[in-house]
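One-letter residues, chain by chain:
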Amino acid sequence: MFEYKDASLSGSTSLSDVRPLQAVQSWLTLSPSMPANIRQNLLAGIVVGVIAFPLSIALAVAVGVPPIAGLYTAVIAGGIAAAFGGSRFNITGPTAALVPVLSHAVVIHGPKALPLLGLMAGVMLLVMSALRAGRLVRYIPGTVVVGFTAGIALSIAFGQLNNLLNITGTDASLEHFHARVWDSARHLETVGFTTPAIGALALAILVVWPRLPRARAIPGPLIVVVVTTALTWYFGLDVPTVESKYGAIPQELPSFDAGFIDIGLMFDLLPLAVSVAILAGVESLLSAVVADGMSGGPERHEPDNELRGQGLANVAASLLGGIPSTAAIARTAAGIRSGATSRLTGVVHAVTVLAGVLLVGDVAGRVPMAALAAILLIVAWNIAEVPEVSRLLRKSARGDAFVLVSTILITLFFDLTYAIGFGIIASMVLLLRQLIRVPAAQQLLPDETGHIRQVTPELSALMQSRPDIAFFNAEGVLSFYSAAAFEYELLGQTRNPLILRMKDVHHIDASGLITLEGVVEHRQKSGGRIILTAIQPEISELLGRFGLLAKLGPENVFEHTKDAIASIDLPGGHSPHPHGLPSEDQ
């Protein structure tokens, strides 16, 4: 499993180093009569809620929607996914993984498209849950996961340069990565001093804060928000803030709204909805796997139920003013390190964010945009998994490195769905290339010790005493990718009787059956004899249904290879293959 960095708590802190808000525990007193597990889950939920509040604002701004949409997402999606998901630990809300896809949707279709996009993705996740597709996500190759995550990180990082430096005059309608970067470069002359200074201060705090003794008791992003907001207000600095760009954050409860549903727009959003559903599923299930490992307990998440919970969360959040969401690995880890043991932590996290909206929403509007950009730059650095990418590029096979780089570039310059699709297909092709090199049938010959290693010493001696017989061992899976090599090996033996040992074959597909049938027919037509021995019961049943056992005849199907050898000398003798496991002497 890959090491996921905790982007929300520090500049370079791994998940295993996440620490709770000890300062919160020092001043928060709960009733001594309250059960310990409830008390620690309440504390963990408050910790994660404090972490999620500034991150939800920053991620909404990165997407291009008002901050309240990110906060409502943490509240609604966070609470529902915690209650109905398949993981006790997952913390759900807006995440960096979705930023490129959602910001692309905003550029093309406007902010009002996001609720519909979230609704569609939520329904897709519910369908995936009903089809029990949760377990399929684990088969996505690791290089693809690392690749599209690194591509997302680069997209986020470059996308925040305008806010970090206050670059003005750029064209917000540009949708392609290279066009946006070039547009920002052309307007660098608009950069002033004050905003970059605030951004540099924020970055410095985020990098240095985790290295201070006991500083991790309070998350760096919270310190950045407080310090930069206070400085901006105290000195009256003229820098862009959340409020100046998006207006004041409303201090009110979310309200139901289904007026965004547009059947025509649904068709335009369908590819993006697929991307969001895949990403939400992958990220949430990866988070659940990481959480299971960190918890140390025997209980594991239920992947299909987790997809159900994420689907319900996205549907509800879309109808109540939110944006698409996933489980957040870093916030989930923070909850576990703070003592989370149940779903209560996720619910309390949602309530804590809601309390922040109602109590300090007006203050949150004064946060400098440069501070939020700095937070997201650290998020991007940490999710990019730079050490992992570097190690894979240096030490993995060239084919895997190609898949990794290609996935990164396609994520950046084209589309995440294409990147995942290409990565999976390319990985499958590389796997097939390796499987083809594994012999499907191998002649049984003595090694340097003078023995045939696949069989017992007694059978090895018997086989070596019969040079008039060709002995072959079929291996592994007889399938479309190995059928040609299998046929090539066996058709070269036409004169001598051929005994094909089938003990090591555990699966045959239609291509393999057709190929084996062709080999049998070829030898029968050429007057040669082919005998199958030590067939596994499930393979014997399959060969019988396909008609191959009848074509061979009982005189050419044996349980024991030694009986097959004896039958060569007694053409009329036969010993039908019983429906049981082959004996160990084979």
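Calculation criteria
- Residues numbered from 1 in each chain as written.
- Predicted model: local features only at pLDDT ≥ 70, side-chain atom pairs only at ≥ 80, totals over all residues.
- Heavy atoms only, no water.
- Helix = DSSP H or I, 4+ residues; strand = E, 2+ residues; numbered from the N terminus.
- Rg over C-alpha atoms; globule rule 2.2 N^0.38 Å.
- Buried < 20%, exposed > 50% of the residue type's maximum accessible area, 1.4 Å probe, protein only.
- Contact = heavy atoms within 4.5 Å.
- Areas by Shrake-Rupley, 256 points an atom, 1.4 Å probe, with all protein chains shown as cover.
- Lys, Arg positive; Asp, Glu negative; His and termini not counted.
- Charge placed at Lys NZ, Arg CZ, Asp CG, Glu CD.
- Arc of directions from axis to C-beta.
- Axes fitted to C-alpha atoms, helices over the stretch in contact; angles between N-to-C directions.
- Parallel < 35°, antiparallel > 145°, perpendicular 65-115°, else oblique.
- Left-handed = near helix turned anticlockwise from the far one by under 90°.
- Nonpolar A, V, L, I, M, F, W, Y, C, P; charged D, E, K, R; others polar.
- 1 Å grid on protein atoms, 1.4 Å probe; cavity = no way out; pocket = protein on both sides within 12 Å on 5 of 7 lines; lining within 4 Å.
- Points joined across faces, edges and corners; volume = space filled by probe spheres on them.

A. Fine view of the overall build of the protein chain. In terms of helices and strands, the protein chain carries 25 helices and seven strands. What you see for the protein chain is a C-alpha radius of gyration of 31 Å, clearly larger than the 25 Å of a compact globule of 586 residues, by over 25%. Across its three principal directions, the C-alpha atoms of the protein chain cover 105 × 65 × 50 Å. With 586 residues in all, the protein chain has 53% of them scored as buried. Across the protein chain, the fraction of contacts at a sequence separation of at least 24, relative to all contacts at a separation of at least 6, is 82%. Counting every atom, the protein chain has about 25400 Å² of accessible surface; 63% of that belongs to carbon and sulfur. Where the 37 positive side-chain charges of the protein chain centre and where its 43 negative ones centre are 5 Å apart.

B. Here's a closer look at helix α8 (residues 177-186). Among the residues making up α8, those that are buried are Phe 177, Asp 183 and Ser 184. Burial along α8 is one-sided: seen end-on, the buried residues are contained in an arc of 135°. In this structure, the buried side of α8 is in contact with α6 (142-159), α7 (161-165) and α18 (398-413).

C. Fine view of the packing of helix α9 (residues 194-208) against helix α16 (residues 369-383). Taken N-terminus to C-terminus, the directions of α9 and α16 make an angle of 40°; their axes are 8 Å apart at the nearest point. Considered as vectors, α9 and α16 are oriented oblique to each other. In the packing of α9 onto α16, the handedness of the crossing is right-handed. Residue-level inspection shows Thr 195, Ile 198, Gly 199, Ala 202, Leu 203, Leu 206 and Val 207 of α9 in contact with α16, the latter providing Ala 370, Ala 371, Ala 374, Ile 375, Leu 377 and Ile 378. Here the contact of α9 with α16 is composed, by residue class, of eleven nonpolar, two polar and no charged.

D. Spatial organisation of the layout of surface pockets. Put simply, the largest pocket is a space of about 1200 Å³. If you trace the largest pocket, you find 48 residues lining it, with Ser 103, Val 107, Ala 172, Leu 174 and Arg 180 closest to the centre. Considering every element that reaches the lining of the largest pocket, the biggest residue donor is helix α4 (residues 99-109), with nine residues. Along the lines of polarity and charge, the residues of the lining of the largest pocket split into 27 nonpolar, 14 polar and seven charged. Of the volumes computed, that of the second largest pocket is approximately 400 Å³. Those elements that provide at least two residues to the lining of the second largest pocket are α3 (67-84), α5 (113-130) and α13 (303-319). Each residue belonging to the lining of the second largest pocket can be placed in one class, and the counts come to 15 nonpolar, four polar and three charged.

E. Structural context of the environment of Phe 260. Mapped onto the elements, Phe 260 comes out in the loop between α11 (242-246) and α12 (263-295). Separated by 32 residues in sequence, Phe 260 and Thr 228 place their C-alpha atoms 36 Å apart.

On their own, these measurements won't tell you what the molecule is for.
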